[in-house]
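Structural features, examined
For reference, the chains in residue letters:
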Amino acid sequence: MSFDQKYSKTHQIRFARTLSFLKRSVTAPAKVLDLGPGNPFGEIMKEEGFDVTNTALGVDLDLDYDVVKDEQYDVVTAFEIFEHMVAPFNLLREIKADKLIASIPLKIWFANAYWNEKDPWDRHYHEFEPRQFDML
């Protein structure tokens, strides 16, 4: 199945923009720690020649920072992860990589925080406004 068949137009645009930004910030075969379990964009990074490691499924990054402390990476990526954490600052201060590339969904005034009652990993503890994310 081709990329165009696999992902919606919205995802294609988002992935293309994210990949373009990543390539301007770091070059392959950079060693990337992609926070969170394996995901479609991680696979795209691998296809583009990046050496990508993900955090294990079920690792609570609010409590376990070892993955960002123990090994040297060129860059840590955190795409749509920090809103799922109770206290992302604690993890951020432990990152040893020289670069962090992160994205979050920004809070929109008319929407409530996303909360999946059936999946404890699929909840937003924060809905950031741009200035809050900048401060973090």
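So, here's what we can say about the structure.

Cut-offs and rules
- Residues numbered from 1 in each chain as written.
- Predicted model: local features only at pLDDT ≥ 70, side-chain atom pairs only at ≥ 80, totals over all residues.
- Heavy atoms only, no water.
- Helix = DSSP H or I, 4+ residues; strand = E, 2+ residues; numbered from the N terminus.
- Expected span 1.5 Å × (residues − 1).
- Buried < 20%, exposed > 50% of the residue type's maximum accessible area, 1.4 Å probe, protein only.
- Arc of directions from axis to C-beta.
- Salt bridge = Lys/Arg side-chain N within 4 Å of Asp/Glu carboxyl O.
- 1 Å grid on protein atoms, 1.4 Å probe; cavity = no way out; pocket = protein on both sides within 12 Å on 5 of 7 lines; lining within 4 Å.
- Points joined across faces, edges and corners; volume = space filled by probe spheres on them.
- Nonpolar A, V, L, I, M, F, W, Y, C, P; charged D, E, K, R; others polar.
- Contact = heavy atoms within 4.5 Å.
- Pairing = 2+ DSSP bridges.
- Axes fitted to C-alpha atoms, helices over the stretch in contact; angles between N-to-C directions.

1. Some thoughts on helix H2 (residues 9-25)
- Spanning 17 residues, H2 covers 24 Å between terminal C-alpha atoms, matching the ideal 24 Å at 1.5 Å per step.
- All of the buried residues in H2 are Gln12, Phe15, Leu19, Leu22 and Ser25. With its buried residues spanning 160 degrees around the axis, H2 presents them on a single face. Across from the buried face of H2, at angles greater than 90 degrees, the exposed residues are Lys9, Thr10, Arg17 and Arg24.

2. Here we look at the pattern of salt bridges
- With the rule as written, the count across this model stands at four salt bridges.
- One salt bridge connects Glu94 with Arg93, and the closest N-O pair in it is separated by 3.8 Å.
- Glu94 gets classed as buried once you look at its relative accessible area, which sits at 18%.
- Two residues, Arg131 and Glu129, come together in a salt bridge whose shortest N-O distance is 3.3 Å.
- The exposure class assigned to Arg131 is exposed, which follows from its relative accessible area of 64%.

3. Let's talk about the layout of surface pockets
- Estimated volume of the largest pocket: approximately 800 Å³.
- Elements with a minimum of two residues in the lining of the largest pocket: H2, helix H3 (40-47) and strand S4 (99-103).
- Ranked by the residues each element gives to the lining of the largest pocket, the list is headed by H2, at six residues.
- Here the residues of the lining of the largest pocket sort into 19 nonpolar, nine polar and six charged.

4. A word on the side chain of Glu94
- Inspection of the secondary structure puts Glu94 in the loop between helix H5 (88-92) and S4.
- Leave out the neighbours within four places in its chain, and Glu94 touches Tyr65, Val68 and Lys69.

5. Considerations on the sheet that holds S4
- Judged by pairing direction, the sheet is parallel, and its four strands sit side by side in the order S2-S1-S3-S4 without closing on themselves. Either end of the sheet is taken by a strand with one partner, and the two such strands are strand S2 (51-54) and S4. When strand polarity is set aside, the average angle formed by the axes of neighbouring strands in this sheet is 20 degrees.
- Relative to S2, strand S1 (residues 31-34) is paired through four bridges, and the arrangement is parallel. Bridge pairing in S2 links Leu33 to Thr53.

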